[in-house]
There are 4 protein chains.
Amino acid sequence: QLSSSSYKFLNLYGKNLLLVWPDSEAEKIVDEDIEVAVKTKKSYILASNEWKKDPTSFKVKGTEIGTNKIVVAAGPCAVESEEQVVSVAKAVKRAGASILRGGAYKPRTSPYSFQGLGEEGVKILKTAGEETGLPIVTEIMDTKDSEVFKKYVDMVQIGARNAQNFSLLKEVASIGKPVLLKRGMANTVEEWLQAAEYLLYGGDGNVILCERGIRTFEKSTRFTLDIGGMVAAKMMTHLPICADPSHPAGKRELVHSLALASVAAGADMLLIEVHPHPESALSDSEQQLTPESFEVLMNRIKALASALGRSV
Amino acid sequence: QLSSSSYKFLNLYGKNLLLVWPDSEAEKIVDEDIEVAVKTKKSYILASNEWKKDPTSFKVKGTEIGTNKIVVAAGPCAVESEEQVVSVAKAVKRAGASILRGGAYKPRTSPYSFQGLGEEGVKILKTAGEETGLPIVTEIMDTKDSEVFKKYVDMVQIGARNAQNFSLLKEVASIGKPVLLKRGMANTVEEWLQAAEYLLYGGDGNVILCERGIRTFEKSTRFTLDIGGMVAAKMMTHLPICADPSHPAGKRELVHSLALASVAAGADMLLIEVHPHPESALSDSEQQLTPESFEVLMNRIKALASALGRSV
Amino acid sequence: QLSSSSYKFLNLYGKNLLLVWPDSEAEKIVDEDIEVAVKTKKSYILASNEWKKDPTSFKVKGTEIGTNKIVVAAGPCAVESEEQVVSVAKAVKRAGASILRGGAYKPRTSPYSFQGLGEEGVKILKTAGEETGLPIVTEIMDTKDSEVFKKYVDMVQIGARNAQNFSLLKEVASIGKPVLLKRGMANTVEEWLQAAEYLLYGGDGNVILCERGIRTFEKSTRFTLDIGGMVAAKMMTHLPICADPSHPAGKRELVHSLALASVAAGADMLLIEVHPHPESALSDSEQQLTPESFEVLMNRIKALASALGRSV
Amino acid sequence: QLSSSSYKFLNLYGKNLLLVWPDSEAEKIVDEDIEVAVKTKKSYILASNEWKKDPTSFKVKGTEIGTNKIVVAAGPCAVESEEQVVSVAKAVKRAGASILRGGAYKPRTSPYSFQGLGEEGVKILKTAGEETGLPIVTEIMDTKDSEVFKKYVDMVQIGARNAQNFSLLKEVASIGKPVLLKRGMANTVEEWLQAAEYLLYGGDGNVILCERGIRTFEKSTRFTLDIGGMVAAKMMTHLPICADPSHPAGKRELVHSLALASVAAGADMLLIEVHPHPESALSDSEQQLTPESFEVLMNRIKALASALGRSV
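Rules used in this analysis
- Residues numbered from 1 in each chain as written.
- Chains lettered and ligands numbered in written order.
- Predicted model: local features only at pLDDT ≥ 70, side-chain atom pairs only at ≥ 80, totals over all residues.
- Heavy atoms only, no water.
- Helix = DSSP H or I, 4+ residues; strand = E, 2+ residues; numbered from the N terminus.
- Buried < 20%, exposed > 50% of the residue type's maximum accessible area, 1.4 Å probe, protein only.
- Polar contact = N/O pair within 3.5 Å; in protein donor to acceptor, adjacent residues only side chain to side chain.
- Contact = heavy atoms within 4.5 Å.
- Salt bridge = Lys/Arg side-chain N within 4 Å of Asp/Glu carboxyl O.
- Buried area = accessible area lost by both parts, 1.4 Å probe.
- Nonpolar A, V, L, I, M, F, W, Y, C, P; charged D, E, K, R; others polar.
- Expected span 1.5 Å × (residues − 1).
- Arc of directions from axis to C-beta.

Asker: Which parts of the structure should I look at to understand the side chain of Thr216(A)?
Answerer: For Thr216(A), the location among the structural elements is in the loop between β11 (207-211) and α6 (227-236). Judged by its relative accessible area of 6%, Thr216(A) falls in the buried class. A distance of 3.2 Å separates a polar atom in the side chain of Thr216(A) from the backbone nitrogen of Glu218(A). At a separation of 2.7 Å, a polar atom in the side chain of Thr216(A) contacts the side chain of Thr224(A). Setting aside residues up to four positions removed in sequence, Thr216(A) forms contacts with Thr224(A), Phe217(C), Ile214(D) and Thr216(D).

Asker: What's the story with the pattern of salt bridges in this structure? I'm lost.
Answerer: Pairing between side chains becomes possible if they bear opposite charge and their charged atoms approach one another. Summed over the entire model, instances satisfying the criterion amount to 60 salt bridges over all chains. Between Asp284(A) and Arg222(A) there is a salt bridge, with its nearest N and O atoms 3.2 Å apart. Residue Asp284(A) is located in the loop between β13 (269-273) and α9 (291-307), and its partner Arg222(A) is located in the loop between β11 and α6; the two are separated by 62 residues in the primary sequence. With a shortest N-O distance of 3.0 Å, Arg183(B) and Asp226(B) are connected by a salt bridge. Of this pair, Arg183(B) sits in the loop between β10 (179-182) and α5 (189-201) while Asp226(B) sits in the loop between β11 (207-211) and α6 (227-236), placing them 43 residues apart in sequence. In this pair, the class of Arg183(B) matches that of Asp226(B), namely buried. Beyond isolated ion pairs, a larger network of salt bridges with shared partners links Arg183(A), Glu211(A), Asp226(A) and Glu218(D).

Asker: Help me out: how do you make sense of the interface of chain A and chain D in this one?
Answerer: A common measure of how large an interface is: the accessible area buried when the components associate. Listed by partner, the interface residues are 34 residues for chain A and 34 residues for chain D. Together, the buried faces of chain A and chain D total about 2,600 Å²; carbon and sulfur atoms form 77% of this surface. Applying the counting rule to chain A against chain D returns four residue pairs in polar contact (both at pLDDT 80 or more). Contributing elements (two or more residues each) for the side of chain A that touches chain D: α6, α8 (252-264) and α9 of chain A. It is α8(A) that provides the largest number of residues to the side of chain A that touches chain D, a total of seven residues. Taken together, the residues of the side of chain A that touches chain D sort by class into 20 nonpolar, nine polar and five charged.

Asker: Sorry if this is basic, but what is going on with helix α9 (residues 291-307) of chain C here?
Answerer: An α-helical turn contains 3.6 residues, so a residue and the one three or four places further along point in the same direction. For α9(C), with 17 residues, the first-to-last C-alpha span of 25 Å sits near the 24 Å given by 1.5 Å per residue. Burial in α9(C) covers these residues: Pro291(C), Ser293(C), Phe294(C), Leu297(C), Met298(C), Ile301(C), Leu304(C) and Ala305(C). Buried residues of α9(C) fall within an arc of 140° about the axis and therefore sit on the same side. Turned more than 90 degrees away from the buried face of α9(C) sit Glu292(C) and Ser306(C), all of them exposed. Contacts from the buried residues of α9(C) go to α8 (252-264) and α9 (291-307) of chain B together with β6 (71-75), α1 (82-95), α8 (252-264) and β13 (269-273) of chain C.

Asker: Just checking my understanding: could you explain the environment of Asp268(B) for this structure?
Answerer: Residue and element names in this part refer to chain B. Mapped onto the elements, Asp268 comes out in the loop between α8 and β13 (269-273). Along the chain, Asp268 and Val72 lie 196 residues apart, while their C-alpha atoms are 8.8 Å from each other. In this structure Asp268 touches Thr67, Lys69, Ile70, Val71, Lys234, Pro240, Ile241 and Arg310, once residues within four positions along its chain are discounted. A polar contact is formed between the side chain of Asp268 and the side chain of Arg310, at a distance of 2.9 Å.

If you want it as structure tokens, here you go:
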């Protein structure tokens, strides 16, 4: 008789997996439907590349993430109005972005800051996505909102401040959409992979990890983009990796260099804040690029990707 | 005509407050029911001691927090069984603790770690509280669980990993119970006060801030207990302050010294993990004290408090 | 035939030691003069309490460090004039300090800041020490200055910025005076002990470790006083431990609480900045105490020490 | 009559400068030989690009640093033998390196680690430099050794652990050789520029700043390469910037990605550890590249530089 806490059946990446704890009785399980038996003592088992050597790729609507082609998601920090989002969506698409980003539910340090348009904002994003043909990614903050995300959103973002909100991770795993999982600003690479493990364990394997800067003593940038941690993670997991150069920069002037560095280090995706009029944005006004500056950056990224044998 | 985004009426600490943004039209509001007009440009307005000079104190059932008497909350990291909790509750009460702590919903870094007994655990805690007459404090992790907390819990804890889970902060403000708000492991003192501001802005002023260690490069302890940050916070707010010496210690041997240091630095409350058999605990087995060691610690705390002109 | 890199003879704490690398041929050395054979794989061998269980104590002139009596060293950040130092020396002695501190060679972040009086400053300190009967401690910054320290100084301080200046550590070991070794602001506890190891390996065992705050993201204090690291160190070494509450505080108002917390956590010594007129000090004017405030603090420290079964 | 502490004459970059404190009497100084009057309230005045808009470049023997051409310095962590250094020197030159690096005086955390060959090591490096025609850069640790550096070395390196060893900075400014100044592992970008200010103030303007990783909580890499801080520094100073990808990597496998990221972010120089047989190196054996791997990296760097409009 086997304890169910020593093994678990799950279907991931189209395969029937049996997850067994090493040295447990469950190692004896024999079942002809099992295609892969995953056994490891790592704290992130399913996210580890020990059992799955090939890099994971998946589609967000028509856009494939995790291939040789670098995917750029761009858009405003916060959804402010339909006009704003549609105008940015068209601009970033023209410049080469293939996913539209924008915040509807906004995690703000102060209760006095703009808290986002909520469901209304998600619908605006959806409209802009449909007008441009771009899939949309936006952040979820509350387990109660999962129905909204099921209905309207193409890719669910878990933000840095909820990176260890385990209730939310479990809920998101059940939505059944691709997930962009940001690293918490004080999370080690290992903890980041363990957060991803919650998603994979919950049955959702279409996860991309997103480095967005960690908290350090240095204050000339808003956060410290941990390129080394991103590279280390890539060596530990089969999941693709994204970099967000906007939040660590904190200042528009630094975004280009951090984006280029991320691509050179091997990022599979970039998440960049672009606003039609950054100076009057309701949040993160210092770090959002203008559409013109974003276009210049895209051209630089394309040249760089090509030198690295990749495309955008 | 006044924009509602430039002012807010609320009742806090039994007073009718008018919160106005400095330099806004709302400064002209005249209303005879208003007892205090709060105006400040700080990012934490209601939590600031600029408008409320007297230290805040409040009762958790019979136990008053924020007075000259230091309050000690003790109990197991996780609720494992009724027998375990009741036995610890009796022991810590005997040694002088006046609140019972214990985790029912557990935030665990790995999905493979014990996730807690959930609502069942809360009920066990409630039973142990009733048997000993101790009020209980336990952590909430999901906005969906607020009914359980309304029904059974005397004090709601927000954990370090949810310290900037703003949806949860808003939900907890509506429960109407005293709150123990842990500082996030990468949050500045100012961000910690802004998290408290979410609670006060939501109408709940019975909040105690809890320092539990921040993330630094040092690894000889699990986290770095930021005594200086705790003292700095005390100078910025009217809210009482708690210290959790168990989590930063990570090792039983360090808990006594960190607890004593916290008291010497002015903590109003301590939160200490005690387990009948720490070595076989389902979580944090390294850092939980035995009931015997806790009793020794309580005696040392009493002597120290007395030398500082306080009591326990 | 034995390689001299696998063993070393040295005399420490009045004993003839043989230091041998575990699993080396040198383990076979037999010599009747050897009183202790030190064998360990720790990176800090001589500083470890694995071979020397009893706590180390030593005298700085008449003042003994490392006993049940807590030693307080106080004085100005920088030596500015004889009048200033003598006046402070008398005041701190009256309040109960038993060592006089003061900076003559000053490590300043900017070349435009006051760089200290150098040898002239050391002589002033010596004069003030003689007038009051207090031994003096001051910082060395350059291997070239060791003669000055041999001649005038009772205790040599190695500052945080030189905590891994290994040339200086080797030179100081040869001066033959007690050493106060500050922890570098980015050094782990283990690296701090390894820095001490340079001194012990060089033949100087009269070393006290001084915690003065580490660099973290938190900016409400100048540095983060790592009380936990201090306690962890105490469990790993036989050397006594000092705390400097002035530098992490950065602000006068926080110094008392940090000093009291350090004593409660087990510090054997405190190093506190006191200036007759802090507001006009040439350095660290924000964090130096007035003689009056220092006296109040000393009384609080005495009460606390007594409650802990120690004295001052 | 003017106080000499409110102004200073110095010759830098072939110009006669008058440095005056804003709002001081010295602003009235009139002297026909003065070509530039530098007035600013920044803490790093001479290093700031407020007065010198054009990027600084300088020659290390035949190799020019700070131009459109990226300079690569490579060689072993420590000089172990003439054979070792000459063989590596030839290999790195062949692959495209234009400066030879190698440690003779070694700052080692433990006194039991290999401490370097000292002056003997410098001479070996000099020999290898002459055989290959490569200029040499090596680290100085002690003010007493400046004569050795004057005599044999082409470029003087100040290491991370001595980044705020102000006595050493002053001494090095007087040697009159180009300087590679590493950032201390806990130094802010501003403190790094202030350390450079010591060199410029001492009359030596041929300084390149080297980012080599800062201390953070993350342990999957040895240090956190602060690409953002490097980019921020570049916006604040006229001095060129170098990146050391070897030390933050800690592991050979990560060096390529960090080197490429540094180039993409705008580094003017790279400092890379290469050893003929890394696995048997006396220090940093985990992070040194083989000559073969270095050659592959150089080819990738060349392709990347070309895409960025630069050369190697």
